[in-house]
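Structural description and commentary
Chain by chain, the residues run as shown.
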Amino acid sequence: YEQQHNCAKQLWSTESVMQRLAIFLCLTVLSSYVAAHTLLTNVTIAGKTTDTCLRPAYPGSLWAQTQIGASDPIMQETADGKWRGGVASTNYTCGFMPFAGQAAAAKCAVAAGSQVTVSYYHGAGYGDETPAYDEWIARSHKGPFMAFMAKFDAKDGLPQGNAWFKIYQLGKIKEATNNDWQTVQYASPDGLNNNHGAMNFTIPKDLAPGNYLLRTEIIALHSAGSLYGAQPYVRCVELTVTGSGSASPAGVAIPGNWNASHPGMNYKLWQDYTKPYPFPGPNVYVASNPTTQPSGTSSSASTSMNSSGSSSDETLEVASSGMINIATSVFAMISLVF
């Protein structure tokens, strides 16, 4: 809301037509980002879908008191980390504490080398207000998806130290030519919206058996051009990995391995989209192979992604939910702005 207020003040204090147009778009972005959030709601393993092994989300009963919702991003408004904590807080590990530090109702068994599907949702009527579209994440919320794992045997709490290794990441469709992201674009066969909120990836086949936390993260970058503007959506799943593997991948600390000024968090989506996206965190671990994908590339490291099929119409999307028809909206407001 503070960002909206600042945009509004700039709108009426500037005399430049182009600046006014840019600030008007800023207001449009911020008005939609208040509602268009998302939340990991369930996991599917071996054909069975459940939410029992998800770490608890922030309870809706506290909304009136805290103005925090379960589907809100772990972002901060100021350098001291106030509001929702940000990437330097323990909220960034698995979600809002102390709830995300409590044990799930159960652990989900998964065989090493098998597929896991995590599903997101934020509700009909948000985002682009299009029936049956954007119910999972708004198309304006362009950015990467990442999955991490950490060995963890304790019932409650969070992994400490360099525990987290990355097993999957997903970024842009066409790195150097447009701003289409596989996470949100309907042309992507692997994206959330194309798969009705589902994201698929594989547990490393050589991973040692035991208890793990799976951490998934979507970083919405539509406001990330300003420091602390990135919107990370994180949640953890409790897994028991089975199999005969022995791998124990090296990890990093979360929080701690990157901060709000990391170029992958402070990424100017609407200006620098032709530049490679630098994923936060370590390289993706590849089973039984010491060679891993550099963390600064944008395709998935665990599978070979299909980079075709991007719609040219989608590149017209500039900043927010509902901006597919941006020209109509902008020119309808020009008489009011100028």
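Residues numbered from 1 in each chain as written. Predicted model: local features only at pLDDT ≥ 70, side-chain atom pairs only at ≥ 80, totals over all residues. Heavy atoms only, no water.

**Some remarks on the sheet that holds strand β9 (residues 231-242)**
Threshold: Pairing between strands is defined by DSSP: at least two bridges between them are needed. Runs of E in the DSSP output that reach at least two residues are strands. Runs of H or I that reach at least four are helices, and both are numbered from the N terminus. All axes here are fitted lines through C-alpha atoms, helices being fitted over the stretch that makes contact, and every angle between N-to-C directions spans 0 to 180 degrees.
The sheet built from 5 strands is open, its strands ordered β3-β9-β8-β5-β6 with mixed pairing. Edge positions in the sheet fall to β3 (108-111) and β6 (165-170), since each of these pairs with one other strand and no more. Taken over all neighbouring pairs, the strand axes of this sheet differ in orientation by 35 degrees on average, direction set aside.

**Some words on the sheet that holds strand β7 (residues 198-202)**
Strand order in the open sheet made by the 4 strands is β2-β1-β4-β7, with antiparallel pairing throughout. Two strands close off the open sheet at either side, each with one partner strand: β2 (48-50) and β7. Along the sheet, successive strands turn relative to each other by an average axial angle of 25 degrees, direction set aside. Two strands pair when backbone bridges link them, and strand β1 (residues 39-45) and β2 are joined in this way by 3 bridges, in the antiparallel orientation. When the bridges of β2 are listed, threonine 44 appears paired with threonine 49.

**Considerations on the packing of aromatic side chains**
As a reminder, the rule being used: Between the rings of Phe, Tyr and Trp (Trp by its six-membered ring), a pair exists once the centres lie within 6.5 Å; its type follows the angle of the planes, with under 30 degrees stacked, over 60 edge-to-face, and the other angles tilted. Residue burial is assigned from relative accessible area. The probe radius is 1.4 Å, only protein chains are included, and a residue is buried under 20% of its type maximum, exposed over 50%, and partly exposed in between. Charges are assigned to positions over rings by a cutoff of 6 Å between ring centre and Lys NZ or Arg CZ, combined with an angular limit of 35 degrees from the ring normal.
Per the stated rule, a full pass over the model turns up 13 aromatic pairs. Measuring from centroid to centroid gives 5.5 Å for tyrosine 58 and phenylalanine 96, while their planes differ by 75 degrees, and the two rings are edge-to-face. Remark: phenylalanine 96 occurs in the loop between α4 (91-94) and β3 and tyrosine 58 occurs in the loop between β2 and α3 (63-66); sequence separation between them is 38 residues. An identical accessibility class is assigned to tyrosine 58 and phenylalanine 96; each is buried. An aromatic cluster of three or more residues is present, and its members are Tyr120, Phe145, Tyr168 and Phe201. The ring centre of tyrosine 212 lies 5.6 Å from the NZ or CZ of lysine 151, which sits over that ring. Sitting over the ring of tyrosine 92, arginine 215 keeps its end group 4.7 Å from the ring centre.

**Details of the confidence of the model for the protein**
Heads up, the rule is: What pLDDT expresses is the predictor's confidence in each residue, scored from 0 to 100. Two residues qualify as a contact provided that any one of their heavy atoms is within 4.5 Å of a heavy atom in the partner residue.
Per-residue confidence for the protein gives a mean pLDDT of 74, with 65% of residues at or over 70. Contacts of residues 26-35 to residues separated by more than four positions or lying in other chains number 28 contacts, the stretch itself having pLDDT below 50.

**Some remarks on the nonpolar core**
For the record, the criterion: In this text, buried Ala, Val, Leu, Ile, Met, Phe, Trp, Tyr and Cys residues form a nonpolar core when linked through side-chain atoms within 4.5 Å.
By size, the foremost hydrophobic cluster in this structure holds 33 residues, and its most contacted members are Tyr92, Trp164 and Leu221. Here this core gets 3 residues from one element, more than from any other, and that element is strand β5 (residues 145-151). Each residue touching tryptophan 164, except ones within four places of it in the same chain, is listed here: Thr93, Cys94, Phe148, Met149, Ala150, Pro159, Leu213, Arg215, Cys236, Gly251, Val252 and Ile254.

**Let's talk about the environment of methionine 149**
Mapped onto the elements of the fold, methionine 149 is located in strand β5. In sequence terms methionine 149 and alanine 163 are 14 residues apart; their C-alpha atoms lie 8.0 Å from each other. Each residue touching methionine 149, except ones within four places of it in the same chain, is listed here: Ala163, Trp164, Phe165, Ile167, Ile203, Pro204, Leu207, Tyr212, Leu213, Leu214, Leu239 and Val241.

**Comments concerning the pairing of β5**
Of all the 7 residues making up β5, 6 are buried; the element is thus mostly covered by neighbouring parts of the structure. Two strands pair when backbone bridges link them, and β5 and β6 are joined in this way by 5 bridges, in the antiparallel orientation. What sits directly across from methionine 146, in β6, is glutamine 169.

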